[in-house]
Amino acid sequence: MCTSGAAACPSTFPAGSACFNYTWNGYPGTFTFGYLVNQFNGTIFSGAATHQVAVTFMQVLGVPSINNYSAIAEAVVGDQWQTPALLTLGQQGCNGNSGDSLKIQGSVSVTITGDVYSNGNLRDQNGAPVTVNGSIYADCSALPSGWTYTGTLKVPGAPVLPDPGYSSPYHGSLYSNTSTTPIPGSGVELAPGVYPNDPHFSGGSSCYFYDPGIYTFPSGYTSNGGLSSNELKPPAEPSWNPNPSPGALNYTSKSSVQFWSQGVDCDGDFYATAVTATGGKPLKPAGTWGIEITSVRQDAWAGPNGTGSYVRQSAPSMCRTLQSPMNGSTHGMQVVIGNTPGAQGYYVYGNPGGCNNQP
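Residues numbered from 1 in each chain as written. Predicted model: local features only at pLDDT ≥ 70, side-chain atom pairs only at ≥ 80, totals over all residues. Heavy atoms only, no water.

A. Molecular detail of the sheet that holds strand S15 (residues 189-190). Strand order across the open sheet formed by 3 strands is S15-S17-S19, with parallel pairing between neighbours. Every interior strand has two partners, whereas the edge strands, S15 and strand S19 (227-229), have only one. Pairing between strand S17 (residues 207-210) and S19: 3 bridges, direction parallel. Among the inter-strand pairings, Cys207 is bridged to a residue of S19, identified as Leu227. (Pairing = 2+ DSSP bridges. Helix = DSSP H or I, 4+ residues; strand = E, 2+ residues; numbered from the N terminus.)

Structure, rendered in structure tokens:
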């Protein structure tokens, strides 16, 4: 039978660890377990075991009758959910280092969805308002005025994250692309590769969809606004609200916030209506069908065992009924779709029962 309880940590455990001591009936030993949650540096688990061995004949040599033998082990487990949306590893701005590790300049509002982490300082050069939908960490300085956050704040005093100092294992195989890539123009879809010049992404209504791969910016990366992402979204994303049940998707309502409309105007939409069928092939049965759309695209990969492609498909759109119903004898349907970034095509799903029996 095992019993446990809180205990003092051995001096060999990391400072600040919480420890528990475990003993077993009839077993001449103990085990001390400790852990320390170290935020982005991972959780450190420590263990120390002690085993008692009784001796008889060796006592004539001056050996104690009871001898303690111990062993200590330690492991670090990375906290995978704590992946920052914006991370700078340089320690500029700290400990006499010149420059700034993380600097945001300009006069436009900046919204960052996810955590922000700086191994150095934080600087807001021109007072641009910055909204962080997450937590903010920095090793030194203070939180610039005008910055707001929804999570926790550890500025200064956040631990310095070590630079992993390795290239992606896929750099020479999957999605490898080391070709020179020109500065983005008016095209929405970006290709991976090496950008020898700072792209200076424009603001306003500019949108950029990242194809899969590795992007290298040796001359820096400047974004003046707009929206850059690899999120594949449908036109007319559905609303998440308490109707018809708490926490459920309401497929017949369009969300008030579309992913590709956050500070830009790039989200798509669609409508559908009955029209005279071509080729003498009407759709049956008659009625006001429910229509949903998903965005699809085909991406390629290259690996040590060959190459291939795969199809990505987004989540479904809201459900819209036909603007005019089908008569079951001469009608087909026409679907008009406003394009969404990254979509190379669309799947159209029709439900003769309308939009009332959604999951």
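B. Inspection of the state of the cysteines at higher detail. One pass over the full model with this rule turns up 4 disulfides. Two residues share a disulfide in this structure: Cys207 and Cys266, whose sulfurs sit 1.7 Å from each other. Here Cys207 and Cys266 share a disulfide; its torsion about the S-S bond, 90°, makes the bridge right-handed. Highlighted residues: Cys207 in strand S17 and Cys266 in the loop between strand S21 (249-254) and strand S22 (270-276), separated in sequence by 59 residues. Put simply, Cys319 and Cys355 are joined by a disulfide, and their sulfur atoms are 1.9 Å apart. Because the sign of the S-S torsion sets the handedness, a value of about -75° for the bond joining Cys319 and Cys355 places this disulfide among the left-handed ones. (Disulfide = S-S within 2.5 Å.)

C. Summary view of the nonpolar core. Listed in full, the 11 residues of the largest apolar core are Leu102, Ile104, Ile112, Val116, Leu122, Val130, Val132, Ile136, Ala138, Trp147 and Val155. Mapped onto this core, the elements with two or more residues apiece are strand S7 (102-104), strand S11 (130-133) and strand S12 (136-138). Among the nonpolar cores identified, the runner-up in size contains 10 residues, and Phe270, Ala274, Trp289 and Ile291 belong to it. (Core = buried A, V, L, I, M, F, W, Y, C linked by side-chain atoms within 4.5 Å. Buried < 20%, exposed > 50% of the residue type's maximum accessible area, 1.4 Å probe, protein only.)

D. Summary view of the packing of aromatic side chains. The final tally for this structure, using the stated rule, is 8 aromatic pairs. Summarising the aromatic geometry, the rings of Tyr22 and Phe31 are spaced 6.4 Å apart at their centres and angled 40° between planes, so their arrangement reads as tilted. With a relative accessible area of 24%, Tyr22 lands in the partly exposed category. Taking the relative accessible area as the measure of exposure, Phe31 reaches 30% and is therefore partly exposed. The structure contains a cluster of three or more aromatic residues connected by ring pairs, namely Tyr195, Tyr210, Tyr215 and Phe217. The side chain of Arg320 reaches across the aromatic face of Phe270, ending 5.3 Å from its centre. (Phe/Tyr/Trp six-rings, centres within 6.5 Å; stacked < 30°, edge-to-face > 60°. Lys NZ or Arg CZ within 6 Å of the ring centre and 35° of its normal.)

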